[in-house]
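Coordinate inspection notes
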Amino acid sequence: MRKLLLQLLLAGSMLTANAQIQMTDKVADGGFALVAKEQPATIVVSKSDGPTVLKVAQLWAADVEAVTGCRPKVSTSEKYGGRQLVVMGTVTGHAFIRDLSERGLLDVTPIAGGWEQYIIKVVEHPAKNIDRALVIAGSDRRGVAYGAFELSRLMGVSPWAWWSDVPAAHSDQLFVRGEMVSKRPSVKYRGIFINDEDWGLLPWAAKTFEPGLGDIGPRTYAKVCELLLRLKANMLAPAMHTCTGAFYYHKESKLVADTFGIIITTSHCEPLLLNNAAPTEWDTKRDGEWNYKTNAANIRQKWEQRLGEASRFENIYTLAMRGLHDEGLRGSLPMSERVPLIEQVISDQRQMLERHKQQAARQIPQIFVPYKETMDIYENGLRVPDDVTLVWVDDNYGYMKRVSSPDEQRRSGGAGVYYHLSYMGTPHDYLWLNSTPPVLMYEELMKAYHTGADRYWLLNVGDIKPMELGMQTFFDLAWSVDDYDIRSINRHQSRFLASIFGQQYERDLQWVLDEYYRLCWIRKPEYMGFEWEWSEPERTGLRDTEFSFRNYNEAQRRLADYQAISDRIEAIGRDLADALRAPFFEMMGYQVKASYQMNRKFLMAQLNHEQLAQGRRAEANWAARQMEQAYDSILSLNREFNTMLGGKWRGIMDVPPGICALYQNKPAVTYTEGAGETPADLSIDVRREWVDGCMLLNLTDYQECHARHHQIRLVGGMGYDWQVLQLGDPVREQPCDPTTLQSPRADYALPAIAADSIAVTVYSVPFFPLYQGRSTDIGVSIDHQQPRVYRNEPVEWSPEWKEQVVRNGHSATFRFPIDRHAPNHTLSFVLGDPGMMIQRVIIDWGGRKSGYLY
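Figured I'd write up the structure that's included with this text.

So, how was this worked out
Residues numbered from 1 in each chain as written. Predicted model: local features only at pLDDT ≥ 70, side-chain atom pairs only at ≥ 80, totals over all residues. Heavy atoms only, no water. Helix = DSSP H or I, 4+ residues; strand = E, 2+ residues; numbered from the N terminus. Buried < 20%, exposed > 50% of the residue type's maximum accessible area, 1.4 Å probe, protein only. Contact = heavy atoms within 4.5 Å. Lys, Arg positive; Asp, Glu negative; His and termini not counted. Charge placed at Lys NZ, Arg CZ, Asp CG, Glu CD. Disulfide = S-S within 2.5 Å. Axes fitted to C-alpha atoms, helices over the stretch in contact; angles between N-to-C directions. Left-handed = near helix turned anticlockwise from the far one by under 90°. Nonpolar A, V, L, I, M, F, W, Y, C, P; charged D, E, K, R; others polar. Expected span 1.5 Å × (residues − 1). Polar contact = N/O pair within 3.5 Å; in protein donor to acceptor, adjacent residues only side chain to side chain. Salt bridge = Lys/Arg side-chain N within 4 Å of Asp/Glu carboxyl O. Phe/Tyr/Trp six-rings, centres within 6.5 Å; stacked < 30°, edge-to-face > 60°. Lys NZ or Arg CZ within 6 Å of the ring centre and 35° of its normal. Pairing = 2+ DSSP bridges. Core = buried A, V, L, I, M, F, W, Y, C linked by side-chain atoms within 4.5 Å.

1. Topic: the overall build of the protein
Secondary structure summary: the protein contains 19 helices and 28 strands in total. Taking the principal axes of the C-alpha coordinates as reference, the protein spans close to 90 × 65 × 60 Å. Residues counted as buried form 63% of the 854 residues belonging to the protein. Intrachain contacts of the protein at a sequence separation of at least 6 include 77% that bridge at least 24 residues. Across the protein, the centroid of the 94 positively charged side chains sits 4 Å from that of the 106 negatively charged ones.

Structure representation (C-alpha cells):
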C-alpha cells in the first residue's frame, strides 16, 4: 500500500511539474541521488540569503525525511563536502551558484532579475570532489522556496500535508534528473484574507493549537505562511475581527511572516496596516471618533506608529479609509465632501510612506480597494494616483462588480482582484462550506485578468478549512493562467483529488463535484432556511422552501441527488487506505454529507407542514423525525471533524451562525401524538414531470449559430442545469445591437404550439456590466419578430439584487404572439453585450406550475 501511495502521489504531482524534471525511486543514469542506500545528500545554503532560504531548506529536509525516513543535513558552511550536494539559494546571494554561473555550468540568465522564478538543474562535477549537485536557484527568496516545494510535490509531499493531513508518499530512495526553468507568475501578488474567524479558526487556535496564547498568533501564522509558500502564494491579509488579537499586537507574528518571505497586506478597511476593528489598535473612548475630518491628527499618529514598526518588512499598503471595521465613512458627509476628503487622506498617507520607506511613492506597493460605498466615491470622481493598484471587488458572492475600463487599463499601477469564497453579510452569510464552482471563479477572474488585473489577487477564505479545493484552484490559476481554459478548469479539482486519493476515483470524483456544485449553485446549503439577514422584517426568519414536492418532482429530485453523492462519497471513503480517510473527509466528505443533511433538514420540515395540512399525520410525524435525524447528523459530522486525529482540529468546525443567521437551528415541526409514523413516498413520479402547455428548453440543442466573428458556445460547470449558453467573449469582443437579428445569434427550434401567444422566461447568470458604459443586454425573439431586450442592471443592496444573489440567477419574462397553425417555431437569442450567459429558458403557453426553478 505504501508503494502504491507513492505511485499515486508522484503521478499526480507530475500533472503540474515541468516534464524535464524527473523524480523517481529507481537508480537512473545521470540521476542525482537525493537519498540512496539510506544516505541523504547534504543541503547547502548561504547565510547571505537570509532566514527565509534557511527556513525553506529545513522544511524541505523534513519533506525528504517524511518520504524516505532519512533527513538531509542542512549546512551553511562554505566548505562544501560530499559526493552529492543540494545547493539551494538565490542567484545573487549564494556564492556557489554564482560560481557555477560564471563558469558556464548553470545559465541563470532566464531568471536573473526576475520575480519569484527558479531553476532546478542537476549539474555534473560542479567542483572538485563533488560528483553532482542538485541546484535549486531562485531569482529571490520566494523563487528558491517555490523551486524547493515543487520538488516536494514531485516526491509526494502535498501542499496540504499539514492543513489537510495528506500523508507523504514513501520511498526508500529518491533520484532526480533533468532541468527546469519556471516562468514568471501570471499574477504578481497572490494571497488570502483570513476573515470571519470567530467560529472556526479562532476557537481552534485559542483552545487547541495556541492555548497558552489563547488567540490566533505566531504559531498559527507560521503554519499559514508555510501553506502559502507551498501553494506558490506570497501574501497574507491576517485575521482582523474584534474577537481576535490584532496581527501586530502579537509582536512575533510579523517576524514569522517575514521569516517565511510572506508579504503582509490588509483588507479594504485597514489603511496603512492599521486594524481599527481591534480595541488595541483603535478605541473610540481613548482615541476619539474614526473621522478624518474631525480627528485627523490622532488617526495620522496611529498610522505613523504602525509604519515606524512595520515599514521595514515587505508590505502592500491599503490607501484611503472607510469607517470602523466594515462600516461606511464616518461623518454623514455629502459626496461633494467625501471625494476631496479621501483625496486628502491618500495624499497624506503617501507622504508618510515616502518618509518611512525613504522611497518615492511610485516605488512602494499600494492598493486602493473600491469596496461597497468606496466604489461610489471612486465613480464620483475620486482621483487615485496612477501608480496605485486598483483592486476590483466581487459583490461578495462571486460576481465581479466591474473591471478596468480601457482608460484604466493604461494605469501604471495596474489592477487587481478581491474575491470571496466566504462572506458574512446581507442577504445571507455563506461561512460554512466551499461552494463556489471553479468555472464561475475562472470566468470572473479571467474577465479581470484580461483587462489588466495581473498585479494583485486576494482571496477571502474565511477559516481556511474547508476551503482547500477553492484555494488550490485559485492559486494554481494565479500562478499560471495559461495552463487552464474554461473547460479544463472544471476538471482541475477532480484531478487534484485523484492525485492524492487515486486515479481510479477521478471520474467518480468529477461526477460528485459536478453534482455538489450544481446543487449548491441552485441554492447554497446556508440559504435553505429561505431567510434574509440584515434585511426587511418580512424576509427574516426561517420559512419553508420553494422547492415543490407536488410539481416536477423538484424537492424529491434534490433529496435524491444529494443522497446519491453522499452515498458515493461514503463508498469511496470506505475503499480508501486508513491514512487517506481523514484528508478525504476534510476535503470532500464533510462538505458533501453536511450539505445533504442541511437540505434534508429543511425539506423534511417543509414536508411535515405539507403532510399535516393534508391530514396525513403519520407521514407528517415521519417527516418531523427525518428532520431531527438530519439535524443530529450535522452535529455528528461536526463531532467527527473536531475529534478525529486525536483532536487535532478540535474547535475548527461548526455551523457558523454569523451575527444573526438562523439556518443552523432546527426549523419548527409538529408531532401528532398517537398518529404513529408512516414513511412518505418520495419516489420520482413521472406524472409530476412536464405537462401540456409548458416546456424546458434544452440549451445544448441549438439549431443554428450565426456567430460572424463572435464566439457563441456552451459552457459546462455553471447554471441550474450545469450547461449555459454564452453569447460572445466579454473581453475580446465588442457589443452588438441586440434589437436586430442581423447581429450574432443562436437559434432554437420549438415544436408546434396550440396557442396564440407564449411566455418566454429567460434565466441568466447574474453578471454585472463589465465596466461603466457596458451593459448586460441580450436580444430575445420568436419567429424572427423584432427582438425584445433582456437586461439585468443589479443595484447592490436592493431587494432585486438580494434575490438574484441567493438564487444565483436573474429572470425576465417576455410574451410573444405566435401562429398556432405553424408546424414549428424559432426562438433566437441575440448577442448584445458579449459574455452574457443564459442558464435556463422556460416556454409557457398555459401549463406552467409553481416551483423554485419554474
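2. A word on the state of the cysteines
Applying the stated criterion across every chain, the model contains 0 disulfides. Cys243 provides the cysteine sulfur closest to Cys225, a residue in no disulfide bond, and the two sulfurs are 19 Å apart.

3. Examining the environment of Met155
Mapping Met155 onto the fold places it in helix H4 (residues 141-155). Here Met155 falls in the buried class, since its relative accessible area comes to 0%. A C-alpha to C-alpha distance of 19 Å links Met155 and Val74, two positions 81 residues apart in sequence.

4. Structural notes on the environment of Arg83
Here Arg83 is to be found in the loop between strand E5 (74-75) and strand E6 (84-90). Taking the relative accessible area as the measure of exposure, Arg83 reaches 47% and is therefore partly exposed. Separated by 50 residues in sequence, Arg83 and Ala33 have C-alpha atoms that sit 9.6 Å apart. In this structure, Arg83 is in contact with Asn129, Ile130, Asp131 and Arg132, ignoring residues within four places of it in sequence.

5. Side note on the packing of helix H12 (residues 438-449) against helix H13 (residues 468-479)
Running from N to C, H12 and H13 point in directions that differ by 35°, and their axes come no closer than 11 Å. H12 and H13 meet at a crossing whose hand is right-handed. Mapping the contact onto sequence places Pro438, Met441, Tyr442, Leu445 and Met446 in H12 and Gly470, Thr473, Phe474 and Leu477 in H13. Taken together, the residues of the contact of H12 with H13 break down into 7 nonpolar, 2 polar and no charged.

6. A word on helix H16 (residues 554-575)
Here H16 is 22 residues long and its end C-alpha atoms lie 32 Å apart, about the 32 Å a rise of 1.5 Å per residue gives. Those residues of H16 lying buried are Glu554, Ala555, Gln556, Arg558, Leu559, Tyr562, Ile565, Ser566, Ile569, Ile572 and Gly573. Buried-residue contacts for H16 involve helix H15 (506-522) and helix H17 (578-613).

7. Notes on the side chain of Glu515
When you line up the elements, Glu515 lands in helix H15. Looking at Glu515, its side chain comes within polar contact range of the side chain of Arg518, at 2.9 Å. Apart from residues lying up to four places away in sequence, Glu515 is in contact with Asp561 and Ile565.

8. Overview of the pattern of salt bridges
For the coordinates displayed, the defined rule picks out 55 salt bridges. Salt-bridge contacts for Glu309 lead to Lys254; the nearest nitrogen and oxygen are separated by 3.5 Å. Taken together, the residues span a long stretch of sequence, with Glu309 in helix H9 (residues 292-310) and Lys254 in helix H7 (residues 251-259) at a distance of 55 residues. Using a relative accessible area of 11% as the deciding quantity, one classes Lys254 as buried.

9. Notes on the environment of Val481
Examined against the element boundaries, Val481 turns out to sit in the loop between H13 and helix H14 (492-501). Separated by 165 residues in the primary sequence, Val481 and Ile316 place their C-alpha atoms 23 Å from one another. Aside from chain neighbours lying at most four places away, what touches Val481 is Ser186, Met446, Tyr449 and Trp457.

10. Let's talk about the packing of aromatic side chains
For the structure on display, the rule yields 43 aromatic pairs. Aromatic pair Tyr702 and Tyr748: ring centres 6.1 Å apart, planes at 85°, arrangement edge-to-face. Of this pair, Tyr702 sits in the loop between strand E18 (694-696) and strand E19 (704-706) while Tyr748 sits in strand E22 (residues 745-751), and the two are 46 residues apart along the sequence. According to the relative accessible area criterion, Tyr702 is partly exposed, its value standing at 29%. Taking relative accessible area as the criterion, Tyr748 reaches 1% and is therefore assigned buried. Put simply, the rings of Trp162, Trp163, Trp204, Phe209 and Trp649 pair up and form one aromatic cluster. In this structure, Lys524 is placed above the aromatic ring of Tyr430, and the distance from its NZ or CZ to the ring centre is 4.6 Å.

11. Concerning unusual backbone geometry
Here Thr426 and Pro427 are connected by a cis peptide whose omega angle stands at 5°. Among the structural elements, Pro427 can be located in the loop between strand E16 (415-420) and H12. Looking along the chain, the bond that leaves Lys465 and enters Pro466 is cis, with omega of 5°. Tracing the backbone through its elements, the reader meets Pro466 in the loop between strand E17 (456-462) and H13. We note that Asn553 has phi near 55°; this positive angle belongs to a residue other than glycine. Positioned with a positive phi, Trp722 is a non-glycine residue whose angle comes to about 70°.

12. Side note on the pairing of strand E10 (residues 189-194)
Along E10, 6 of the 6 residues are buried, which leaves the element largely enclosed by surrounding structure. Residue alternation in E10 divides its side chains into two sets, Tyr189, Gly191 and Phe193 and Arg190, Ile192 and Ile194, and both sets are buried. Two strands pair when backbone bridges link them, and E10 and E17 are joined in this way by 6 bridges, in the parallel orientation. Pairing of Arg190 across the sheet is with Trp457, part of E17.

13. Quick look at the nonpolar core
Of all hydrophobic cores here, the largest spans 262 residues; its most connected members are Trp60, Met88, Trp457, Met471, Leu827 and Phe829. At 16 residues, H17 tops the list of elements feeding residues into this core. In this structure, Phe96, Leu100, Ala133 and Val135 belong to the second largest nonpolar core, which totals 16 residues.

14. Some remarks on the sheet that holds E19
Pairing in this open sheet of 5 strands is antiparallel, and the strands run E19-E22-E27-E24-E25 from one edge to the other. The open sheet has two edge strands, E19 and strand E25 (788-790), and neither has a second partner. Here the average twist between neighbouring strands, direction ignored, is 25°. Two elements, E22 and strand E27 (residues 824-831), share 7 bridges in a ladder whose sense is antiparallel. Counted as the bridge partner of Pro751 is Asn824 from E27.

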